Structures are given as structure tokens and as C-alpha cells.
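Residue-level listing of the chains:
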Amino acid sequence: MTKRYQFSILIVINFLWIGAINAQSCNCSKDFNALDILLQKTPAYKDSKAAYQKIFQNLSSKLNTITSDYECLVLLNKLALAVNDNHINVFGMPESKGQHMTNTTISLDSLKQELSKRPFKDIEGVYKLPNYVTLGVYKHNQDYLGIILESELENWNSGEIMYTLIPYGEDLMLAIFGQQKNKRMVAVSERIKNGMFLKLGLRKNQDIKPYHLAPSRDSLFIRKELNDKTTYIKSGSFNSFYPVLSDAEAFYKTLENSLSKENLIVDLRDNTGGGERNSDVLLEILTQYSANNNMFVLINHNTASNAEQFAVKLKKLPNTKILGDKTQGTLTYELKKNISNPLPCGKFLGIITSKRHKEYLPFESVGVTPDMYLNYDSDWIEQAVKIINRQSKY
């Protein structure tokens, strides 16, 4: 063996040894402190500094109890929640493929039996998503855990903790869960209502239809003449980039000078936002229309970001009523640049905002409240038409 070859072997061994030492020393505290530095640079931190510092101290005291990557990810997301900016989350790295998951030691049969007794409107209970999983959701300390009771997915097994639900804001949950195919851990804002995960689709009773969702999910822009007095339009995205922007502009062009009926239903359900480059065009059309006609706007939990800002603007227009349920409460801050920030241990990614729309701060983690709530047991467009018909009698 040559000296050069021996030297190369020593370099490789030394590199691997240093890597192993770094892996062992790279614990949750390192990621926690790195995330803290990132959060303190955000506009949201300036708006919630005092509350954030109190939560930071409380979570810091729990770092020595963290024994798994999964627990660390949950703790990091709790720290992110402390700045009251719903665009900020912590995800697993794209290539993580589920190494953050953990299993329960609870008897699944006993858990299913107990949860099946819970009242229908309780958060705790047994939920199912067909061709996906049956999930048992129960309260654990201040959070809720979602345990797989039955799985129809290749990558998921019974007994795995698939969800952690962290209550925050006004009746909101931060759902931290593993994606269907690769188990990558992500986090989204969720509400559980009427036995349903309003965004993610899990339901206690499969016979209940998701009336709160917008129709024709594959079609972003729709116009229908419902009767001789009412027109319906759906605006499913305010994406400000092509090709969606060009589709939106073409749709809005068809609305100009053609909304002649006295009632208009504007459907913003499931519109997750975009930008004013798109939404301002529609706002101008609706502002002109509402001056002399009646407008009814449908919103739901999946109405988010710029679509929520849009709903706030519509609330101020004359002859306008907002119908449905509260929006997502993700409208004050904006993802602009350098949004993806890998944390030091290489396991997690912090999604960070860099722009503020302070006028919307009262709606953050609350949502835009409708003037009239619609119920979840019948079609929301039909409910809107009935409201219009009642109103026209007076």
C-alpha cells in the first residue's frame, strides 16, 4: 500500500468520524435556536414580540425532553406559531421520506373502540379518507394526535402517528402530517367542523357530502346563469403568473358590461390566493356592479391569503353580503424572497415570510367572518339562492 493511498484512507476515515460526531451533536436545540434567529428577522416578530418571547422561554424549557425528530418538528412548529404568521411553517426536507415518523404503543383496537363513542361534533373520534387511511384522533396533553387505525397505502402502517394537530388562534389547528407517497412532513392550517377536516377531507361519516367546497374543482373560472335574476361566477385562483393569469384575464373580459342581472353570487371558496395583479382586475368589475345591484360572496376555510384580502375589500362595498364560514386567517404576511431556509441539522426547512400588510393584522389566525353563516348539510349555492329569494320579498 502506497503512502498516498494510506493518506487518502486516513482522510476518508477522519471525514466520516467528524461527520458522525456532528450528526450526534446536531440536536433539536441547534435547529430551535436557528429558527429563533430566522423568526426574529420577520415582520411578524415585530408585531408579536412580547408574546413570542414568553412562548420561546416556555418551549426552550422543553428541549431536554425531545427524544425524536418527530417531536422536534412539532416543537419547531409551535415556535413558528408564536409569531402569529400563518404563512410560516417548518417542513421536513423534500428528500426526508418519513424518517421523522414515530409509532404509538397504544392498543389500536381499544383506541378505536373508545373513540367510536365520542359525540359526532367532538374533535376526538374515528375519521376516514377512502382509499387512504382510517385515523383515530385523540387529545394528548394540549394537542391532538392522529394514529393510523387502518391503512390502504403502501408506505403507511397501522400504529404510525400520521398527524399532530396543534390548536391555535380562533378554532384553528396546525395540522402536521406526513404526505401520502413519500411521508414528507408538512404543516397546513386546518379546521375540524361537523365531523370533517375542512381542508384535508377526512370525515367521520362518509355519507356526509362536502357541501362547503366549491364545485368543479378542475375548473378555476366558471359562469352560470342560475335563473332570470341571478348570475353565478367562480373565481378559483388569484395566481398572478401565466398561464393562470391569462385565463383569469380572459374570464374577467367576458364579465365586463355583461353582468346585467340584479343578483350576483361570487364564489371564492377554495381560492388560496395569489396577487393583486390578478384580483384587482376583478375588484374593479365587482365594485362597479355592486353600486346598483346585490352581490353575495361565498367563502370557506380554504379561502386564503390574497383571496381573504379580496373578501375584506368586498365587505366594504355597498349591497354586498359575505356568506359561508370563516376563512383561513392567512392574509397579513407575504412570502416574497428566500422563503425556504434549511435548518442546521439538515432535517427541516423553515418557510419564512418577508413582507407585511399590517391593515389585515386583526384577521390573522382568525379569518374573515361571514355576514351570514351557511350550514354544512346542504349545497351552499342553493342556500345562497334561498337567501336571495327571501331578500327579494321585502
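All of these numbers come straight from a predicted model, not from anything done at the bench. (Residues numbered from 1 in each chain as written. Predicted model: local features only at pLDDT ≥ 70, side-chain atom pairs only at ≥ 80, totals over all residues. Heavy atoms only, no water.)

Description of the overall build of the chain
What counts, and what does not: Helix numbers and strand numbers start at the N terminus; a helix is a DSSP run of H or I with at least 4 residues, a strand a run of E with at least 2. Three exposure classes are used, based on accessible area relative to the maximum for each residue type with a 1.4 Å probe and protein chains only: buried under 20%, partly exposed in between, and exposed over 50%. The contact criterion used throughout is that any non-hydrogen atoms of two residues lie within 4.5 Å. For the area figures, the Shrake-Rupley method with a 1.4 Å probe applies, and any residue is considered shielded solely by the protein chains shown.
Within the chain one finds 10 helices and 19 strands. Projected onto its principal axes, the C-alpha positions of the chain cover 90 × 50 × 45 Å. Every one of the 394 residues in the chain was classed for burial, and the buried ones make up 51%. A separation threshold of at least 6 residues defines the contact pool for the chain, and within that pool the share at least 24 residues apart is 67%. Carbon together with sulfur atoms contributes 51% to the accessible area of the chain, which is approximately 19,300 Å² in total.

Quick word on the sheet that holds strand 12 (residues 263-267)
What counts here: One requirement defines pairing of two strands: DSSP has to find at least two bridges between them. In this analysis an axis means a line fitted to C-alpha atoms, helices contributing only their contacting stretch, and an angle means the value between N-to-C directions, from 0 to 180 degrees.
Sheet architecture is open: six strands sit in the order 10-11-12-13-14-19, paired in mixed fashion. Whereas interior strands pair on both sides, the edge strands pair on one side only; in this sheet they are strand 10 (221-225) and strand 19 (372-373). Pairing geometry for strand 13 (residues 294-299) and strand 14 (residues 320-324), over five bridges, is parallel. Its bridge partner being in strand 14, F296 is matched across the sheet by K321. Each of strand 10 and strand 11 (230-235) is contacted by helix 7 (residues 244-255), which is oriented at about 20 degrees to strand 10, the strand it contacts most. Of the strands in this sheet, strand 11, strand 12, strand 13, strand 14 and strand 19 touch helix 10 (residues 380-392), which is tilted by about 155 degrees from strand 13.

Digging into the domain arrangement of the chain
Operational definition: What counts as a domain boundary in this text is fixed by an automatic or database domain assignment. Throughout, buried area stands for the accessible area (probe radius 1.4 Å) lost by two parts on being put together, summed over both. Salt bridges are defined as contacts in which a side-chain nitrogen from Lys or Arg sits within 4 Å of a carboxyl oxygen from Asp or Glu.
Its domain assignment divides the chain into domain 1 (108-197) and domain 2 (221-324 + 364-392). For domain 1 versus domain 2, the separation of C-alpha centres amounts to 32 Å. Tallying the contact residues gives 10 residues for domain 1 and four residues for domain 2. Interface area for domain 1 against domain 2, summed over the two sides, is near 660 Å², with a carbon-plus-sulfur share of 56%. Of all residues in domain 1, E170, R191 and K193 give up the largest surface area on contact with domain 2, accounting jointly for 54% of the area buried on that side. Between domain 1 and domain 2 we count zero salt bridges in total.

Observations concerning the packing of helix 7 against helix 8 (residues 276-290)
The line we're drawing: Under this scheme an angle from 65 to 115 degrees is roughly perpendicular, one under 35 degrees roughly parallel, and one over 145 degrees roughly antiparallel; angles in between are oblique. Gly falls in the polar group here, along with every residue not listed as nonpolar (Ala, Val, Leu, Ile, Met, Phe, Trp, Tyr, Cys, Pro) or charged (Asp, Glu, Lys, Arg).
Orientation of helix 7 relative to helix 8, taken along the N-to-C sense of each, is 5 degrees, at an axis distance of 10 Å. Between helix 7 and helix 8, the angle falls in the class roughly parallel. Along its contact with helix 7, which presents L245, A248, Y252 and L255, the element helix 8 presents R277, N278, V281, L282 and I285. Of the residues belonging to the contact of helix 7 with helix 8, the class tally is seven nonpolar, one polar and one charged.

Side note on the confidence of the model for the chain
Stated precisely, the cut-off is as follows: pLDDT runs from 0 to 100 and stands for how confident the predictor is about each residue.
Across the chain, pLDDT averages 91, with 92% of residues at or above 70. Below pLDDT 50 for its whole length, residues 1-24 participates in one contact with residues either more than four positions away or in separate chains.

Brief notes about the packing of aromatic side chains
Going by this rule: Aromatic pairing here means that ring centres of Phe, Tyr or Trp (its six-membered ring) are within 6.5 Å. Orientation follows from the plane angle: under 30 degrees is stacked, over 60 is edge-to-face, and everything else is tilted.
Enumeration according to the criterion identifies 11 aromatic pairs in this entry. When the ring of Y52 is compared with that of F56, the centres are 6.2 Å apart and the planes differ by 25 degrees; the resulting orientation is stacked. Of this pair, Y52 and F56 both sit in helix 4 (residues 49-60), four residues apart, which is roughly one turn of that helix. Taking the relative accessible area as the measure of exposure, Y52 reaches 0% and is therefore buried. An aromatic cluster is present here, built from F32, Y45, Y52 and F56 joined pairwise through their rings.

Comments concerning the sheet that holds strand 3 (residues 133-140)
Spatial strand order, 2-3-4-5-6-7: six strands in an open sheet with antiparallel pairing. Whereas interior strands pair on both sides, the edge strands pair on one side only; in this sheet they are strand 2 (125-129) and strand 7 (185-190). Mean inter-strand twist for the sheet, computed between neighbouring axes without regard to direction, equals 25 degrees. One ladder, built from four bridges, connects strand 4 (residues 143-151) with strand 5 (residues 161-168); its direction is antiparallel. In the sheet register, L145 faces strand 5, and the bridge partner there is T164. Docked against the sheet, helix 5 (residues 69-81) engages strand 4, strand 5, strand 6 (172-178) and strand 7, running at close to 20 degrees with respect to strand 5. Strands strand 2, strand 3 and strand 4 of the sheet are contacted by helix 6 (residues 108-115), whose axis makes an angle of about 115 degrees with strand 4.

Re the environment of S116
Applicable threshold: Nitrogen and oxygen atoms within 3.5 Å of one another constitute a polar contact, given that in protein one can donate a hydrogen and the other can accept it, and given that sequence-neighbouring residues count only through two side-chain atoms.
You can see S116 is positioned in the loop between helix 6 and strand 2. With 65 residues separating them along the chain, S116 and A51 place their C-alpha atoms 38 Å apart. Within polar-contact distance, the side chain of S116 engages the backbone oxygen of K112 at 2.6 Å.

Here's the deal with the state of the cysteines
Applied cut-off: In what follows, a disulfide is any cysteine sulfur pair within 2.5 Å.
The tally for this structure, following the rule as stated, stands at two disulfides. For C28, the disulfide goes to C72, at an S-S distance of 2.2 Å. Between C28 and C72 the sulfur-sulfur dihedral comes to about 90 degrees; the bridge is accordingly right-handed. A residue pair is termed long-range when its members are at least 10 positions apart, and C28 in helix 2 (residues 28-39) and C72 in helix 5 qualify at 44 residues. Overall, C28 belongs to the buried group, its relative accessible area being 8%. Look at C72 and you get buried, because its relative accessible area is 3%. Across the chain, the way the bonded cysteines pair up, counted in sequence order, is 1-4, 2-3.

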